[in-house]
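# Coordinate inspection notes
Residues per chain, in single letters:
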Amino acid sequence: MSTPHNNAEKGDFAKTVLMPGDPLRAKFIAEHFLENPKLVSSVRNILAYTGTYEGKPVSVMASGMGMPSIGIYSYELYKFYEVENIIRIGSAGAYTADLNLFDVVLATGSYSESTFALCQSGDPDDTQYPSEKLNDTIRAAAAKLGIPLHEGTIHSGDVFYAEPGAVDENKIIREKHCLCAEMESFALFHNAKVLGKNAACLLTISDSLVTHAETTAEERQNSFTQMMKVALETAVQLDQE
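For clarity, every value in this text was computed on a predicted model and none was experimentally measured. (Residues numbered from 1 in each chain as written. Predicted model: local features only at pLDDT ≥ 70, side-chain atom pairs only at ≥ 80, totals over all residues. Heavy atoms only, no water.)

## Some remarks on the side chain of S156
So the rule is basically this: Here a strand is any run of E in DSSP of at least two residues, a helix any run of H or I of at least four, and the numbering for each starts at the N terminus. Partly exposed describes any residue whose relative accessible area lies between the buried limit of under 20% and the exposed limit of over 50%, with all areas from a 1.4 Å probe on protein chains only and scaled to the type maximum. Each polar contact in these results corresponds to two N or O atoms within 3.5 Å; when the atoms are within protein, one needs to be able to donate a hydrogen and the other to accept it, and residues that are neighboring in sequence are counted only if both atoms are side-chain atoms.
Tracing the sequence through the fold places S156 in strand β8 (residues 150–156). Among the residues examined, S156 registers a relative accessible area of 0% and is labelled buried. A polar atom in the side chain of S156 sits 3.4 Å from the backbone nitrogen of S185.

Rendered as structure tokens:
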């Protein structure tokens, strides 16, 4: 089978898929962490691979940028390829000085001004949530690896280049208690809810809206290894359940 956005065959994906935004990050994970990785889809250069990690099947597929993009790819993985778990592994901008570059954040909720959920299913909630069971498995994986996690609500935005004053980040931080900002998790969590699947979001801090520190494009592509290792260990633990 295939879809307009995915030329993989049924059975090509593992039950657990790691989903970075960047296709080159998906390629990096496949080539550096997976055993015997196979490219299973490359439509629009949104690369998807399946291999094994510590002998357990796992897939990695790029989501592209923004909610419409991850909304398409995650929905198709859940609905048409029988994927059960998607772990977004992405980058985020810190809203607090307590988060430093390369810190790893586990989302416990995703707040957004987006109309994605409303348009997709009529859901008016401005906060969508991950699977608590999947988050618990991620916590256990991080503890096993000795990798600390920061946890909290994150801000999932529709617009990267907002005009001055259009987004009141201080209000979002104050009222929604958001730790950091990214652009995909709200749609992923909503799709999982609608389809009865599991979703989680791990983020690495790539820049700070407080200190204005930032990573390079190459570092974002290749250096978020702690987050990757936690997600891969989670996939191994899920396969043992």
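## Observations regarding the layout of surface pockets
Over the atoms, a rolling probe the size of a water molecule traces out where space has been left empty. Using the following cut-off: Using protein atoms alone on a 1 Å grid, points that fit a 1.4 Å probe yet trap it form a cavity, whereas open point sets bounded by protein on both sides within 12 Å along at least five of seven lines form a pocket; residues with an atom within 4 Å of a point count as lining. Grid points are joined across faces, edges and corners, and a volume is the space filled by probe spheres set on the points.
Here the largest pocket defines a volume of roughly 1,300 Å³. Forming the boundary of the largest pocket are 41 residues, of which F160, A181, E182, M183 and D207 lie nearest the centre. With 5 residues, the single largest contributor to the lining of the largest pocket is strand β5 (residues 85–94).

## A closer look at the pattern of salt bridges
Counted only if it meets this: Salt bridges are identified by distance alone: a Lys or Arg side-chain nitrogen within 4 Å of an Asp or Glu carboxyl oxygen.
For the coordinates displayed, the defined rule picks out 12 salt bridges. As a salt-bridge pair, E82 and K10 come within 3.3 Å of each other at their nearest N and O atoms. Of this pair, E82 sits in the loop between α2 (67–80) and β5 while K10 sits in the segment before β1 (16–19), and the two are 72 residues apart along the sequence. On the accessibility criterion, E82 (38% relative accessible area) is partly exposed. According to the relative accessible area criterion, K10 is exposed, its value standing at 52%. With its nearest N and O atoms 2.9 Å apart, the salt bridge here joins R88 to E184. Of this pair, R88 sits in strand β5 while E184 sits in the loop between β9 (180–182) and α6 (185–195), and the two are 96 residues apart along the sequence. On the accessibility criterion, E184 (6% relative accessible area) is buried. One connected set of salt bridges, linked through shared partners, spans E132, D136, R139 and E151.

## Considering helix α8 (residues 225–240)
We apply this condition: In a helix, the anticipated span is given by 1.5 Å times the number of residues less one.
The terminal C-alpha atoms of α8, which comprises 16 residues, lie 23 Å apart, in line with the 22 Å expected from a rise of 1.5 Å per residue. Taken residue by residue, α8 has M227, M228, V230, A231, L232, E233, T234, A235, V236, Q237 and L238 as its buried positions.

## Examining the environment of P4
The cut-off we apply is this: Any two residues having at least one pair of non-hydrogen atoms within 4.5 Å are treated as being in contact.
Topologically, P4 is positioned in the segment before β1. A relative accessible area of 67% places P4 in the exposed class. The sequence separation of P4 and Q240 amounts to 236 residues, and the corresponding C-alpha distance is 33 Å. Leaving out residues up to four positions away in the same chain, P4 has contacts with V43 and E76.

## With respect to unusual backbone geometry
Located in the positive-phi region is R44, a residue other than glycine, with phi close to 55°. Inspection of the secondary structure puts R44 in the loop between β2 (35–41) and β3 (48–53). Although it is not a glycine, E82 adopts a positive phi angle of roughly 60°.

## Section: the pairing of β2
Here is the rule: Strands qualify as paired when DSSP identifies two bridges or more between them.
By the bridge criterion, 4 bridges tie β2 to β3 in an arrangement that is antiparallel. Considered in β3, the bridge of K38 is made with T50. The loop that links β2 with its antiparallel partner β3 comprises 6 residues; one of these, R44, has a positive phi angle of about 55°.

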